[in-house]
Amino acid sequence: MKTSNILVLVIVLLYINASTEWPTHTVCKEENLEIYYKSCDPQQDFAFSIDHCSDVTTHTFNVRAAIVLRHSIKELYIKVDLIVNGKTILTYSETLCEPGLSKLIFCGKKKGEHLYYEGPVTLGIKEIPQGDYTISAKLTNEDHVTVACADFTVKNYLDYNYYR
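Since we're looking at a predicted model, the values are computed, not measured. (Residues numbered from 1 in each chain as written. Predicted model: local features only at pLDDT ≥ 70, side-chain atom pairs only at ≥ 80, totals over all residues. Heavy atoms only, no water.)

A. The environment of Lys79, seen in detail. Along the polypeptide, Lys79 turns up in strand S5 (residues 76-84). It is 7.1 Å that separates the C-alpha atoms of Lys79 and Thr91, two residues lying 12 residues apart in sequence. Apart from the residues lying within four places of it in its own chain, the contact partners of Lys79 are Thr91, Tyr92, Ser93, Ser136, Ala137 and Lys138. (Helix = DSSP H or I, 4+ residues; strand = E, 2+ residues; numbered from the N terminus. Contact = heavy atoms within 4.5 Å.)

B. How the structure looks around the sheet that holds strand S8 (residues 114-122). The three strands are arranged S3-S4-S8 in an open sheet whose pairing can be described as antiparallel. Edge strands, defined here as strands with exactly one partner in the open sheet, are strand S3 (47-50) and S8. Sheet twist, expressed as the average angle between the axes of neighbouring strands with direction ignored, equals 15 degrees. The sheet contact formed by strand S4 (residues 60-68) and S8 spans nine bridges and is antiparallel. (Pairing = 2+ DSSP bridges. Axes fitted to C-alpha atoms, helices over the stretch in contact; angles between N-to-C directions.)

The values reported here are purely geometric and, on their own, carry no functional implication.
So this is what it looks like as structure tokens:
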């Protein structure tokens, strides 16, 4: 009897480890704008939302994001890729945290701590490009370990002349 219970437990654990793909989450969905995200970290999902889909048409809007840190953040780096038709056409990277330079309030957080941000985000661009594309964002720490990773799918058919 114990052997069969152990076998069932092993099968369940193997199944859980084999199915590490996270669901696709809807950030916003309106008539001409859809944004979805999916964690690309096989070990962890996270929460992300914006207040109003229409706020994305401005270059600053409010977001909420939450995650439990699996790794400490002494140094934090971000790499963002813009992918169109499966090809990376633009890459951006930046140091967000390092000794003597902390651009974010959660620099220095330790493994196991909850990271929660609620507030404004400025994209630094006037308009979100039209069309269907993917934005892949990856945060890594000083040990080059993934802190968070997400692929955002954007379907934007907004007429920006309407919003001016």
